[in-house]
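# A structural walkthrough
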Amino acid sequence: MIIAIDGPAASGKGTVAKRIAAHYGLPHLDTGALYRAVARDTVARGDDLTDPAVAAAAAGHLDVDTLDDPALRTAGVGEAASIVARHGEVRAVLLEYQRRFAKNPAGAVIDGRDIGTVICPDADVKLFVTASSEERAHRRYLELRESGIRISEDEVLADIRNRDARDRTREASPLRQAEDAALLDTTNLDIDAAFRAAIDLIEAAMGQAGQAG
Ligand code: DC
């Protein structure tokens, strides 16, 4: 079973995806970490994030064993990731790794921006997880404050809006809800409620597929 989960930054998709993967005993791929790692490596080499060829070369040399590097989680790397993610050349290199991951015989849970639309258009279940930009900014603000970073909630909201605009309006594989994806709005849900709602949507989608087959 392949479960594709897309949505904007701080929508809760990553946490929901991890819990869904544990629930069904499936491997989980956080594809945002791939773009973050490419951005980290491009910056570390002193290269220009806006240059498609050098960013694609970094993607080609990516060591996927470094995807749990805590340095990938900073706001700066998230911002840089959304710059390298605009390049079709980078996306083409990372597409192969993501498709190979999806070929796992038992299936996989994969989250990102273009999983249901481009990477796994034939996924068994597609979820589009979202929340209002104010709520997403509030969550990110609390996380940043928790980790000792001083920033105003207005600044976080401006960053979130900026990143949304970049991810939604780029030419290469923009963030959008696939036509056959179920929408999960987590604005008024805590993480347990979001997880339960996701499981209900997955079970409903699998039930329908079973009836159709
Ligand atoms: O989900 P995240 O915040 O870790 O993603 C970081 C950036 O990577 C995000 O701004 C857009 C990009 N991204 C993408 O373009 N396609 C994906 N499948 C995943 C992430």
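Structure: see above.
So, a few notes on the structure that sits alongside this text.

## Observations regarding the site of the ligand
In the vicinity of the ligand lie 16 residues, with Arg36, Arg91, Arg113, Arg163 and Arg170 positioned nearest. Contact distances for the ligand include 2.6 Å between an oxygen atom and a side-chain N or O atom of arginine 36. In the model, an oxygen atom of the ligand is placed 2.8 Å from a nitrogen or oxygen of the arginine 91 side chain. Put simply, the parts of the chain that give the shell around the ligand at least two residues each are α2 (31-44), α4 (75-84) and α8 (153-169). Across the shell around the ligand, the residue classes tally to three nonpolar, four polar and nine charged.

## Section: the pattern of salt bridges
Across all of its chains, the model carries 14 salt bridges by this definition. Its salt-bridge partner being aspartate 180, residue lysine 126 comes within 3.0 Å of it at the nearest N-O pair. Separated by 54 residues along the polypeptide, lysine 126 in strand β4 (residues 125-130) and aspartate 180 in the loop between α8 and β5 (182-185) bring together distant segments of the chain. In this structure lysine 126 comes out as buried when scored by relative accessible area, which is 7%.

## Remarks on the packing of aromatic side chains
What characterises a pair of aromatic rings is the spacing of the ring centres plus the angle enclosed by the ring planes. If you walk through the whole model with that rule in mind, you get one aromatic pair. In this arrangement the basic side chain of arginine 19 is found over the ring face of phenylalanine 195, its NZ or CZ atom lying 4.5 Å from the centre.

## Thoughts on helix α7 (residues 133-146)
The first and last C-alpha atoms of α7 sit 20 Å apart over 14 residues, in line with the 20 Å expected at 1.5 Å per residue. Contact partners of the buried residues in α7: α8. Looking one or two places after α7, you find glycine 148, whose phi comes out positive at around 85°.

## Thoughts on the packing of α2 against helix α5 (residues 88-102)
Where α2 contacts α5, the axes come no closer than 11 Å and their chain directions differ by 135°. Considering their axes alone, α2 and α5 lie oblique with respect to each other. Where α2 crosses over α5, the two elements pack in a sense that is right-handed. Seen from α2, the contacting residues are Thr31, Leu34, Tyr35 and Val38; seen from α5, they are Val90, Arg91, Leu94, Tyr97 and Gln98. In terms of residue class, the contact of α2 with α5 is built from six nonpolar, two polar and one charged.

## Remarks on the sheet that holds strand β3 (residues 108-112)
Pairing in this open sheet of five strands is parallel, and the strands run β2-β3-β1-β4-β5 from one edge to the other. The open sheet is flanked by β2 (28-30) and β5, the only strands paired with a single partner. On average, adjacent strands in this sheet sit at an angle of 20° to one another, irrespective of strand direction. For β4 and β5, the ladder comprises four bridges, and the chain directions are parallel. Residue pairing for β5: phenylalanine 128 is matched across the bridge by leucine 183.

## Some remarks on the environment of phenylalanine 101
If you trace the backbone, phenylalanine 101 turns up in helix α5. Not counting residues within four places of it along the chain, the set of residues in contact with phenylalanine 101 comprises Pro27, His28, Leu29, Ala108 and Ile110.

How each quantity is defined
Residues numbered from 1 in each chain as written. Predicted model: local features only at pLDDT ≥ 70, side-chain atom pairs only at ≥ 80, totals over all residues. Heavy atoms only, no water. Near = heavy atom within 4 Å. Polar contact = N/O pair within 3.5 Å; in protein donor to acceptor, adjacent residues only side chain to side chain. Helix = DSSP H or I, 4+ residues; strand = E, 2+ residues; numbered from the N terminus. Nonpolar A, V, L, I, M, F, W, Y, C, P; charged D, E, K, R; others polar. Salt bridge = Lys/Arg side-chain N within 4 Å of Asp/Glu carboxyl O. Buried < 20%, exposed > 50% of the residue type's maximum accessible area, 1.4 Å probe, protein only. Phe/Tyr/Trp six-rings, centres within 6.5 Å; stacked < 30°, edge-to-face > 60°. Lys NZ or Arg CZ within 6 Å of the ring centre and 35° of its normal. Expected span 1.5 Å × (residues − 1). Contact = heavy atoms within 4.5 Å. Axes fitted to C-alpha atoms, helices over the stretch in contact; angles between N-to-C directions. Parallel < 35°, antiparallel > 145°, perpendicular 65-115°, else oblique. Left-handed = near helix turned anticlockwise from the far one by under 90°. Pairing = 2+ DSSP bridges.

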